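# Reading the structure
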Amino acid sequence: MTIVKRKFDVVIVGAGGAGMRAALQLSEAGLKVAVLSKVFPTRSHTVSAQGGIAASLGNVTEDNWHWHMYDTVKGSDYLGDQDAIEFMCRQANEVVYELEHFGMPFDRLENGKIYQRPFGGQSQNFGGAQATRSCAAADRTGHALLHTLYQRNVSANTQFFVEWIGLDLIRDAQGDVLGMTAMEMETGDVMILQAKATLFATGGGGRIFQANTNALINTGDGLGMAARAGIPLEDMEFWQFHPTGIHGVGVLISEAVRGEGGYLVNKDGERFMERYAPNAKDLASRDVVARAMTIEIKEGRGCGDENDHLLLKLDHLGSEIIKSRLPGIRELAMKFSHVDPIHDPIPVVPTAHYMMGGIPTNYYGQVVAPYKTGPEEVVTGFYAVGECACVSVHGANRLGTNSLLDIVVFGRAAANQIIEDLKINLHHKPLPEDAADQSMARLARLENQVDGESVAQVTDALCKTMQTYCGVFRFEDTLLQGVEKIKEVAERVGRTEIKDKSKVFNTARIEALELDNMKEVAMATMISAEARRESRGAHARDDFPEREDDNWLKHTLYFSDEHRLDYKPVRLKPLTVDSFPPKKRTY
Ligand SMILES: Cc1cc2nc3c(=O)[nH]c(=O)nc-3n(C[C@H](O)[C@H](O)[C@H](O)COP(=O)(O)OP(=O)(O)OC[C@H]3O[C@@H](n4cnc5c(N)ncnc54)[C@H](O)[C@@H]3O)c2cc1C
């Protein structure tokens, strides 16, 4: 079978905020850019970002990038790389004004400036009073962002491949990345996209947990493709559990609700966060609030017949504020939990939300990894940005509204780096003979498998294993069992069968391909979590409750081939300012 080949300067996998910000920069520079997406671009998960995008504009309270940097370093529980964090916080105002000039419809203050709201972990003056740093378009900030970027990309002639799924990276004998294989979801046709630069912007992989806030497409495909191509995955033990997913369904209720003055109560009507974080209360960092909620439930102070959730109260804000600032939240609460928050509290539980780890990169979006067993180096032709990348600006715990900032800052930075790199790499490198072999073998296995299990069954086992053995609190025995269980599930992934072999719009085939990627993400998570014997940020171990900087102030690298782990130092030195040395983290 001959496989169609097409050549581009740059192939981007992912049309969320990260992919589209990069694509815009590249197309406007005159490069030939292809953007692949499993869904129509404006349906990427960025669309559901509610709360806002962080920038120290200082429109409501005094602010500056250095305070923002401090909060981000502290929020990361000192695992974030301080050079990358400085880079991001310093560029925040510029990228937000740029979005404003692109036409993004931010809410306004009375004086006409961009509206900002307070979010968890934001402070003035290095840990002082609450700061007000999140720029918002009501509770639909991601929606506004994505539509703005899509329109600009259409004007810039970016070429979109909608409902195409990227399958595998193509690397040559030196390890350089030369493009990738992809499949059209409607027809099952496979194509090789040859490129001088390949950029992954495939978003998160929250679907590996049974209860999560993520879209169905968030299956960690970029990580799966990278892992299969020999690239390690960084800091995969760190997953953010958002405090307020709707009980029973997982749909997110934004932290903006607490930013606007909402708060959590237990079954006695007590505002329990006052006990756990006396200063920041409900606006403490997300890992802190999620743990406090889990303890309240475990100690029998949860609400409802089963004492299994807590209540988020916002009726005291008044219908005016709820309708103008939180209209989408009200709609979600009415649809998914049948309560109108103008009158009644919303039942909530901590829910898997955000992947801090990912493909290791520097702050120019270049993937940095060892080739085989060699030293760490920039992988020629390969870049990653957004939630699939680990820069690392979020370290062990991300602050709310820092991800939308991350995707625009690093989307732009990676594009600028590619523009520079392509001034040197003028030509496409020749494709190896076996360029499509890995993908064709995966597809052939699905074609030929008989007597296998259904994809849905194995996916379900994977999600349940992650939820049960690797949740908000982690225990030695459950982690050890979890490693064994997830290895068993991984074996089963290799024997799934799709009963209907037709190629046209075959969602079972797509789900099987996605499951290959979820398997890599889940294995990396469980094995990295079992090995890290400390508690830091979102990784909370019952048997090692303290942070251990002497032994563990380092990034994890997981290699898929032998399930091997390695570690690398945290970059504690910022670009121009003094380092923030690790200290005890209280809110
Ligand atoms: C409910 C919710 C609310 C949030 N609210 C906020 C907020 O208010 N503020 C904030 O800062 N952060 C928020 N976050 C986090 C933030 O929205 C995300 O981290 C960020 O938008 C990710 O952007 P991205 O461009 O990296 O990926 P996404 O927007 O997830 O896009 C991924 C893209 O990759 C494509 N893709 C994936 N795999 C493949 C493949 N194999 N082939 C082809 N295409 C592929 C998808 O089709 C999609 O286009 C929220 C997250 C969630 C889930």
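Here the structure is a predicted model, which is why all the values come from computation and not from measurement.

Parameters at a glance
- Residues numbered from 1 in each chain as written.
- Predicted model: local features only at pLDDT ≥ 70, side-chain atom pairs only at ≥ 80, totals over all residues.
- Heavy atoms only, no water.
- Helix = DSSP H or I, 4+ residues; strand = E, 2+ residues; numbered from the N terminus.
- Rg over C-alpha atoms; globule rule 2.2 N^0.38 Å.
- Buried < 20%, exposed > 50% of the residue type's maximum accessible area, 1.4 Å probe, protein only.
- Contact = heavy atoms within 4.5 Å.
- Areas by Shrake-Rupley, 256 points an atom, 1.4 Å probe, with all protein chains shown as cover.
- Lys, Arg positive; Asp, Glu negative; His and termini not counted.
- Charge placed at Lys NZ, Arg CZ, Asp CG, Glu CD.
- Disulfide = S-S within 2.5 Å.
- Phe/Tyr/Trp six-rings, centres within 6.5 Å; stacked < 30°, edge-to-face > 60°.

## As for the overall build of the chain
From N to C terminus, the chain includes 16 helices and 22 strands. Here the C-alpha radius of gyration of the chain, 23 Å, is about what a compact globule of 587 residues would show, namely 25 Å. Taken over 587 residues, the chain has a buried fraction of 63%. Put simply, 74% of the contacts in the chain that link residues at least 6 apart link residues at least 24 apart. Of the roughly 21,600 Å² of accessible surface on the chain, 49% is carried by carbon and sulfur atoms. In the chain, the 64 positive side-chain charges and the 79 negative ones have mean positions that sit 2 Å from each other.

## Focus on the state of the cysteines
Under the definition given, this model contains zero disulfides. Looking at cysteine 463, it has no disulfide partner, and the nearest cysteine sulfur is the one in cysteine 470, 13 Å off.

## Things to note about the packing of aromatic side chains
Per the stated rule, a full pass over the model turns up 16 aromatic pairs. Arranged with centres 5.3 Å apart and planes meeting at 70°, the rings of phenylalanine 40 and tyrosine 150 form a pair that is edge-to-face. Placement of the pair is phenylalanine 40 in the loop between β2 (33–37) and β3 (53–54) and tyrosine 150 in helix α4 (residues 141–155), with a sequence separation of 110 residues. Looking at phenylalanine 40, the relative accessible area reads 36%, which means it is partly exposed. Consider the rings of phenylalanine 272 and tyrosine 276, whose centres lie 6.3 Å apart with planes at 90°: the pair is edge-to-face. The partly exposed category is assigned to tyrosine 276, whose relative accessible area is 27%.

## Let's talk about the side chain of serine 403
Examined against the element boundaries, serine 403 turns out to sit in helix α11 (residues 402–424). If sequence neighbours within four positions are ignored, serine 403 has contacts with Tyr354, His394 and Arg398.

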